Every structure is written in structure tokens, then in C-alpha cells.
Amino acid sequence: MSFTRWVAIYGPTYATALVWTAITALAAACGAIVWGCLLLLIRLSGGRWGARAVDGYVQLFRNTPVLLPIYLIYFAFPLIGLPWPAVVCGTLALILQNGAYVSEILRGSVNAIDRVQFDAARSIGLAPWSTFQKIVLPQVLVYSIPALGNQIVLLLKDTSLLSAISITELTMQAKLLTEQTGAAYEAFIVVAVLYLLLVSGTEVAFRVTHRAVRWL
Amino acid sequence: MPAGSLALLTQGAMVSLLLAAGAIAGGTLLAILLAAMAFSRLAAVRVVYRVYVYIVRGTPLLVLALILFYAMPALDLRTGPYIAGTLVLIIYTGALFAEVFRGGVLAIPRPQWESARSLGLPPLAMFRKIVVPLVTRYTLPSYVNVCVMTVKASSVLSIISVWELTLAAREIIERTFAVFTILGLAAAFYFVMCFGIDRLGRRLERHLALRGFAGVRA
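Residues numbered from 1 in each chain as written. Chains lettered and ligands numbered in written order. Predicted model: local features only at pLDDT ≥ 70, side-chain atom pairs only at ≥ 80, totals over all residues.

Within chain A, the regular secondary structure consists of nine helices and zero strands. Listing every helix and strand of chain A by position from the N terminus yields α-α-α-α-α-α-α-α-α. When the backbone C-alpha atoms are referred to their principal axes, chain A occupies close to 70 × 45 × 25 Å. Relative to its full complement of 216 residues, chain A shows a buried share of 40%. (Helix = DSSP H or I, 4+ residues; strand = E, 2+ residues; numbered from the N terminus. Buried ≥ 20, exposed ≤ 12 C-beta atoms within 10 Å, placed from the backbone.)

Put into C-alpha cells, the structure is as follows:
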């Protein structure tokens, strides 16, 4: 079957799957950035034990594959009385994993802030929370845009692993189409191209944002 | 803990480690070739390199694995999941290592090239005496990082039915429902492997550090 006919027939199916990939990736990206900021806050102002706990968390997630938290939440939540849909479980796992990486990225950027600013914040009487929210966070996020972009691209590609817990995103759709039609080549080439477009789009978006906010 | 699961997980971890070791060895060789292509005089060769890296880094590993797994039998190249799995890991890590090496070559200070040329070093000696020692030291941290990523990435192969640590864990869970124990143990195995590689890398870094040479991280 030619590619044009293939796309004409199965285009709508791919579109639905594409929407699922985009939604999970977007939700997980937003969640991971928020969670990463929270972890950073705990590390910066949670005292010695707070910093240690965040360190342990980050080390644990950096040294284990993403599939483990995905399986953990998917298999374990029903056992503890939380029968959440697979999409929610998968997104949550991606947030937990990528939040660890995001907090490390943000921590690297904290060092780029001039020490004087912390003294200045204290001398005008800003509370720790206000200092974090008004001074640290905006600068750290802007400094981190390129690295965050890389991480979001990795996250986007990791949404393909959600096919393992039966979410019909792009990869799962390609698998299903292969099983239905026996045409593996067409099914997967289309999906690979869609991923390449998504990844390139994300990279461009982050580059444009980086250029737009280079006021620091 | 369900009986016998520790032995199964240990075996799975061994397979994971073997897969990663094969991928790291093969990927490094592939990457040297690719990095050489990145610096080719021929624009067409450089374009091939760029396209390769773009495709491999822009598609999920799972999709690459499934393409190889499903599409290769369609092309009448029948391979078992282990061969297909190792191959896809090599393709994947090859691109990552190649980018690491390329960065390392670009980081070699200009005077090094100039003095090598003025000494009249032949190309092979230049490669052996200047490029290799410097690039090894420049890129070791990123290289180790990619090695750790490879161990973690090997878990993806469980989805194309390569029996390794993650698939072993999944099978035990489906039989016994001991989710927390088994996934906890699997995580511990991965942690030990990844953290171990990281520590080994740091040791090697210290071992290779050249005192007083600017640009080399001590």
C-alpha cells in the first residue's frame, strides 16, 4: 500500500493518538516543572534534612529507568484502593521522574544568581517564600530554558513507554495498526515522522522562548 | 518475598548488564566511525551524520526497537529479540556517543592542532597521540553519563519481549502481585548498576587527570 493511501485511510486514527501523546506530554511537562520547583524550594529552604531528602529522591530517580515508576503506579495504586485510569498513572510517573531532573537543572541555575541578590532580599526584609517566588524562581526558570527544553524533549519521547500500560498514544496505535493490517513499515514510519515533528517543534518553541526572554 | 524471585531478578540484572555492555562496546565503535563522518571533508558525509543523529535522537527508543522488531522480519531478516534488542541499543547509543565525541574533538584547543602540524605528525600519530588522549579526558563524564543511560534504556527492550530485569520483574508481579517488593528490588538492582558505573567513571576520571593541563576536569 502506498503511503498516501495509508495516511488517507488511517489519518484520523493517528490524529487521535497524536492528541493523546500531546496531552500526556504537555500535562507531564507542566507537572514536572512545578514538581521540580517544589523540590528546589525544599532543597534551598528545607534545612539539612530537606536537602538530604531531595538528594536521595533525585539519586533514586536518576539511577532507575522510567518504566519502573510507570509500572509501580499502574500496578500498585489499584492495590491501595486508588483505581485511577492508566493515563493518570502514567502521567504521574512521568512527573515524578522528570521532576527530579528538572530540580537538578534548576539547582544548576541557582548558582548563576549573584549572591548579592540574596543579601539584598534579606536587607529589604523579604520573607524566604517571597525571596524564592519573586527573586529566585523567575531568574532560575529563564536561565534554565535551554536545559529544560532538552528535558521536555526526553519526556516527550518517554511518553511512548505509556504504551506498555495500554494507553493508546502514538506508539500503541502503530502497534495496533501493525497487528490489524500486518503492515509494520507504514504504521511505524508515520509514527516516527510524527515524533520527529513533535520533537523539532518542541525544540523550536524553546529556542524562540529563550530568544524572547533574553533580557537577563 | 515470593520464593525464587531474588534469583530470577539477579539473572535478569545479569542479562540487562550484558545487553548494556554489548551496546556500549558496539555503540562506542559505531560512534568513532560516526564522529569521523562528522568531520569529513565531504559535505554529503557530514549530512549523513546529521540526518542519522537527528532521526535517532528525535524518535523514542521504543519506536526504533519496534521498527526493528516488527519491520525486520517483514524484510525477511529474521532475528531473535536479543539480537534485535542489542542492535537497536547500539544504534541508539552510537548516536549519543558520537555527539559526545564530536564535542570532545571540537574542544581540543587550536594550538594543539597547530603544533602537531608544525611538528609534521602524520595523521595517524596525530589521532593516536593527540586526539585520543585529549578526547578521552574531555568526554569521560558525558561518556559515563551515556553508559548509565544505556543501562536504563535497556529496560525499554522488555516491551519487545527481551527477557531482562524489567521483564523478569513484570512476570513475577503478574504471577504474585507482590508489586512493592519486586519493583523495589528491581529498582535496587538498577540503582546499584547505574550508581556503580557512575562511581567507576569518577575513579577513572581521577586516574586519567593530567595535573596542570588546563581544560581537563580534575
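Let's shift gears to the overall build of chain B. Secondary structure assignment for chain B yields eight helices and zero strands. Start at the N end of chain B and walk to the C end: the helices and strands fall as α-α-α-α-α-α-α-α. Principal axes of the C-alpha set define a box for chain B whose edges measure 70 × 45 × 25 Å. When burial is assessed residue by residue, chain B has 41% of its 218 residues classed as buried. The long-range share in chain B, meaning contacts at least 24 apart out of those at least 6 apart in sequence, stands at 77%. (Contact = placed C-beta atoms within 7 Å.)

Before going further, it helps to spend a moment on the interface of chain B and chain A. If you look at the interface, chain B gives 27 residues, while chain A gives 27 residues. Residue assignment for the side of chain B that touches chain A shows that the elements contributing at least two residues are α2 (43-58), α3 (61-74), α7 (165-176) and α8 (179-208) of chain B. A per-element tally of the side of chain B that touches chain A places α8 of chain B first, with nine residues. Tallied by class, the residues present in the side of chain B that touches chain A amount to 21 nonpolar, four polar and two charged. (Nonpolar A, V, L, I, M, F, W, Y, C, P; charged D, E, K, R; others polar.)

Attention shifts here to the environment of valine 110 of chain A. All names here are of chain A. Here valine 110 lies in helix α4 (residues 86-110). As a C-alpha pair, valine 110 and glutamine 139 span 29 residues in sequence and 8.2 Å in three-dimensional space. Those residues in contact with valine 110 that lie beyond four places of it in its chain are Val136 and Val140.

So, on to unusual backbone geometry. What you tend to see is this: most non-glycine residues have negative phi, and most peptide bonds are trans. Residue and element names in this part refer to chain A. Within the chain, serine 166 stands out as a residue other than glycine whose phi angle is a positive 65 degrees. Here serine 166 shows up in the loop between α7 (145-158) and α8 (170-181). A tally of 11 C-beta atoms within 10 Å means that serine 166 is categorised as exposed.

To continue, consider helix α2 (residues 47-62) of chain A. All names here are of chain A. Over its 16 residues, α2 runs 22 Å from end to end, which matches the ideal 22 Å to within 8%, given 1.5 Å per residue. Among the residues making up α2, those that are buried are Val54, Val58 and Phe61. Around the axis of α2, the buried residues are gathered within 70 degrees of arc, so they sit on the same side. Pointing more than 90 degrees away from the buried face of α2 are the exposed residues Arg48, Trp49, Arg52 and Gly56. In this structure, the buried residues of α2 make contact with α1 (3-45) and α4. (Expected span 1.5 Å × (residues − 1). Arc of directions from axis to C-beta.)

When you line up the elements, leucine 68 of chain A lands in helix α3 (residues 67-79). Overall, the presence of 23 C-beta atoms within 10 Å leaves leucine 68 of chain A in the buried class. Sequence separation between leucine 68 of chain A and alanine 93 of chain A is 25 residues; the distance between their C-alpha atoms is 8.7 Å. Those residues in contact with leucine 68 of chain A that lie beyond four places of it in its chain are Leu183, Ala186 and Ala187 of chain B.

Once that is clear, we can look at the nonpolar core. By size, the foremost hydrophobic cluster in this structure holds 125 residues, and its most contacted members are Ile70, Phe188 and Val191 of chain A together with Ala65, Tyr92 and Ala186 of chain B. When sequence neighbours within four positions are dropped, the list of residues in contact with alanine 65 of chain B reads Gly85, Val88, Val156, Leu157 and Ile160 of chain B. (Core = buried A, V, L, I, M, F, W, Y, C linked by C-beta atoms within 7 Å.)

Now for α8 of chain B. With 30 residues, α8 of chain B should cover 44 Å at 1.5 Å per step; its first-to-last C-alpha distance of 43 Å lies within 8% of that length. Turning to α8 of chain B, its buried residues number three or more, namely Val179, Ile182, Leu183, Leu185, Ala186, Ala187, Phe189, Tyr190, Met193, Cys194 and Ile197 of chain B.

Glancing now at the packing of helix α1 (residues 5-38) of chain B against helix α4 (residues 81-106) of chain B. Residue and element names in this part refer to chain B. Between α1 and α4, whose axes approach to 6 Å, the crossing angle comes to 45 degrees. Here α1 lies oblique to α4, going by the angle between them. Relative to α4, the crossing made by α1 is right-handed. Grouping the amino acids of the contact of α1 with α4 by side-chain chemistry returns 15 nonpolar, eight polar and one charged. (Axes fitted to C-alpha atoms, helices over the stretch in contact; angles between N-to-C directions. Parallel < 35°, antiparallel > 145°, perpendicular 65-115°, else oblique. Left-handed = near helix turned anticlockwise from the far one by under 90°.)

Looking now at the packing of helix α6 (residues 123-153) of chain B against α8 of chain B. Packed helices, taken two at a time, are described by the angle between their axes plus the distance between the axes. Residues and elements named next belong to chain B. Where α6 meets α8, the axes come as close as 9 Å, and the angle between the chain directions of the two elements is 170 degrees. With respect to each other, α6 and α8 are oriented roughly antiparallel. Within the contact between the two elements, α6 uses Thr136, Arg137, Leu140, Pro141, Val144, Cys147, Val148, Val151 and Lys152 and α8 uses Tyr190, Met193, Cys194, Ile197, Asp198, Gly201, Leu204, Glu205 and Leu208. Here the contact of α6 with α8 is composed, by residue class, of twelve nonpolar, two polar and four charged.

Further remarks concern the confidence of the model for chain B. Residue and element names in this part refer to chain B. For chain B, the mean per-residue pLDDT works out to 90, and 92% of the residues sit at or above 70. The secondary structure element of chain B with the lowest average pLDDT is α3, at 82, and the one with the highest is α2, at 96. The complex prediction reports pTM at 0.89, with the ipTM value standing at 0.89. (pLDDT = per-residue confidence, 0-100.)

Before going further, it helps to examine the environment of tyrosine 14 of chain A. Residue and element names in this part refer to chain A. With respect to the helices and strands, the residue tyrosine 14 is situated in helix α1. On a C-alpha basis, the gap between tyrosine 14 and glutamine 173 in space is 7.0 Å, while along the polypeptide they are 159 residues apart. Dropping the residues within four chain positions of it, tyrosine 14 is found in contact with Gln173, Val190 and Leu194.

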